[in-house]
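# Survey of secondary and tertiary structure
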Amino acid sequence: MLIRSIHLALGYTVEIASDFRGLAGALATLGIDRAVIVTNPTVRTLHGAALAAELQQVAPHWIELPDGEAHKNLDTWRFLVSALLVHRVDRNTAVIAFGGGVIGDLAGFAAATVLRGLPLVQVPTTLLAAVDASVGGKTGVNTPEGKNLVGAFHQPKLVWTALHTHRTLPVRERRCGLGEVLKHAVLDGPGAFAGVNAGASELGGDDENRAADAVALSVAVKARLVEADPYEAGDRVLLNLGHTLGHAVEAALGYGAMSHGEAVCIGMIAAARFGQELAGTSPAFVRELERTAAGLGLATELPADLDPAELVTAMRFDKKRERGMVKLVIPVSAGDVRLIVVPDTALVRLAEHGRVRK
Ligand SMILES: NC(=O)c1ccc[n+]([C@@H]2O[C@H](COP(=O)([O-])OP(=O)(O)OC[C@H]3O[C@@H](n4cnc5c(N)ncnc54)[C@H](O)[C@@H]3O)[C@@H](O)[C@H]2O)c1
Ligand SMILES: [Zn+2]
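Notes on the structure follow. Throughout, residues of each chain are indexed from 1 in the direction in which the sequence is written. Note on labels: chains are lettered from A, ligands numbered from 1, in written order. Selection of residues for local features in this predicted model requires a pLDDT of at least 70, selection of side-chain atom pairs for listing and counting requires 80 or more, and totals for whole chains, interfaces and linings are taken over all residues. The basis for every side-chain value is the complete set of heavy atoms in the structure, and neither hydrogens nor water enter the calculation.

## What to know about the pattern of salt bridges
A pairing counts as a salt bridge when a side-chain nitrogen of Lys or Arg comes within 4 Å of a carboxyl oxygen of Asp or Glu. Inspection of the entire model under this criterion finds 20 salt bridges. D105 is the salt-bridge partner of K72, the closest N and O atoms lying 2.8 Å from each other. Of the two residues, K72 sits in the loop between β4 (61-64) and α3 (74-86) while D105 sits in helix α4 (residues 101-113), which places them 33 residues apart along the sequence. Exposure remark for K72: the relative accessible area of 4% places this residue in the buried category. The cut-offs for exposure are 20% and 50% of the maximum accessible area for each residue type, with area from a 1.4 Å probe on protein chains only; residues under the lower value are buried, those over the upper are exposed, and the others partly exposed. For D105, a relative accessible area of 13% gives the class buried. Of the charged contacts in the structure, one is a salt bridge between R291 and E288, with a shortest N-O distance of 2.9 Å. One end of the pair is R291 and the other is E288, both in helix α11 (residues 283-295) and three residues apart, which spans about a single turn. One continuous salt-bridge network, built from bridges that share partners, spans R273, E290 and E301. Secondary structure elements follow DSSP: runs of H or I of four or more residues count as helices, runs of E of two or more count as strands, with numbering from the N terminus.

So, in structure tokens, the structure goes:
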């Protein structure tokens, strides 16, 4: 059952549904009658039968990739490209990315490159993929030199989120998505920020309307910034709120130790605390942000054993520096998030703000 439909100026619709019913019709409307489903064994075991039942008419071919970020690399992409070509796909064969962000990025990159572009349909099964990775058109893989350094912009023809798939998500993956939902609410404005506590905490619960609202809010915020700046030359960078420190926390702890969205949440709170010095962020807003994050079950402080100096090294490596200056995304209040240029020595302060001094 469809709950929300969001048509994006990028030229496609994000459908937020309870389950897969209606997906076959949506594909038919797009003229898609051949499809390959790209997934992994975890997702196929949990939700493959339901998807197969809906897509009986299309009789899609299935390709399974190994599960995990460690496999988001050129070897898996090469395997997938071969599997698609051996299956004799043509330019009308849709690639259906059925899984989390890893599957979405890999299947998307294969869809972007095979025959110079196959139609892509995103069926995100994690909250993070539904609220972030499936929208915006970025696809790609990691290399030994770094994350997401090889890829392409390739917008999907359709995004179909079936909320019932999120019910099987482990808590950690749910929290990962909630970190980005909170970020999108801060980017949007006071109404969304106030509403996120009630709505987002329901994700995966019984009230699918609230869950759909939280996903729809995220999609709308991300789409608005991407539509205005599809190739990341301007305001799209505001989506990096929380990510400067967040990426450093992930790197310092070792990838996988803390979920991405939770690290982003700590980064966003640190940026808001720093905003009190830099941009007039009010202490009341910082407290509200901390309270909301805690209400969603997200960490608000850096882990005690993390050395801020180590984080600064990671941030220096991560950040593009121009003449000793770096750009930080700082929340002033809900709906007022700014890009502020500071000397790179300020990264030390940002790391220190990751922990409230006792
Ligand atoms: N393209 C973009 O714009 C963009 C944006 C954000 C993140 N990303 C990428 O997304 C990736 C992270 O995505 P993710 O957090 O979804 O990770 P993921 O794809 O690795 O999924 C997390 C885990 O959950 C499992 N899973 C998926 N659906 C499930 C379900 N319904 N029930 C139970 N388990 C399920 C997966 O098999 C996996 O083990 C990263 O590689 C990141 O770079 C891309
Ligand atoms: Zn992120």
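## Considerations on the site of ligand 1
Residues are labelled near a given molecule or strand when at least one of their non-hydrogen atoms is within 4 Å of it. Taken together, 24 residues sit near ligand 1, with E69, G101, T125, T126 and T168 positioned nearest. In this structure, an oxygen atom belonging to ligand 1 sits 2.8 Å away from a main-chain N or O atom of G101. Note that a nitrogen atom of ligand 1 is positioned 2.9 Å from one of the side-chain N or O atoms of D105. In short, Shrake-Rupley with a 1.4 Å probe defines the accessible areas, and a residue's cover is counted only from the protein chains shown. For ligand 1, the protein covers 86% of the area, taking 860 Å² as the surface of the free molecule. Considering each element in turn, the shell around ligand 1 owes the most residues, four residues, to helix α2 (residues 41-54). Counting of polar contacts relies on pairs of N or O atoms within 3.5 Å, with two restrictions inside protein: one atom must be capable of donating a hydrogen and the other of accepting it, and residues adjacent in sequence are counted only when both atoms are side-chain atoms.

## Thoughts on the coordination of the zinc ion (ligand 2)
For Na, K and Ca the donor cut-off is 3.2 Å; for every other metal, N, O and S atoms count as donors within 2.8 Å. Water does not enter the count, which can leave sites looking incomplete. Within the first shell, the zinc ion (ligand 2) binds the protein through E180 (OE), H243 (NE2) and H260 (NE2), at distances of 2.0 to 2.1 Å. Spacing between the donor residues of the zinc ion (ligand 2) along the chain follows E-x62-H-x16-H. Residue H243 is located in helix α9 (residues 243-253), and its partner H260 is located in helix α10 (residues 260-278); the two are separated by 17 residues in the primary sequence. By relative accessible area, which is 9% here, H243 ends up buried.

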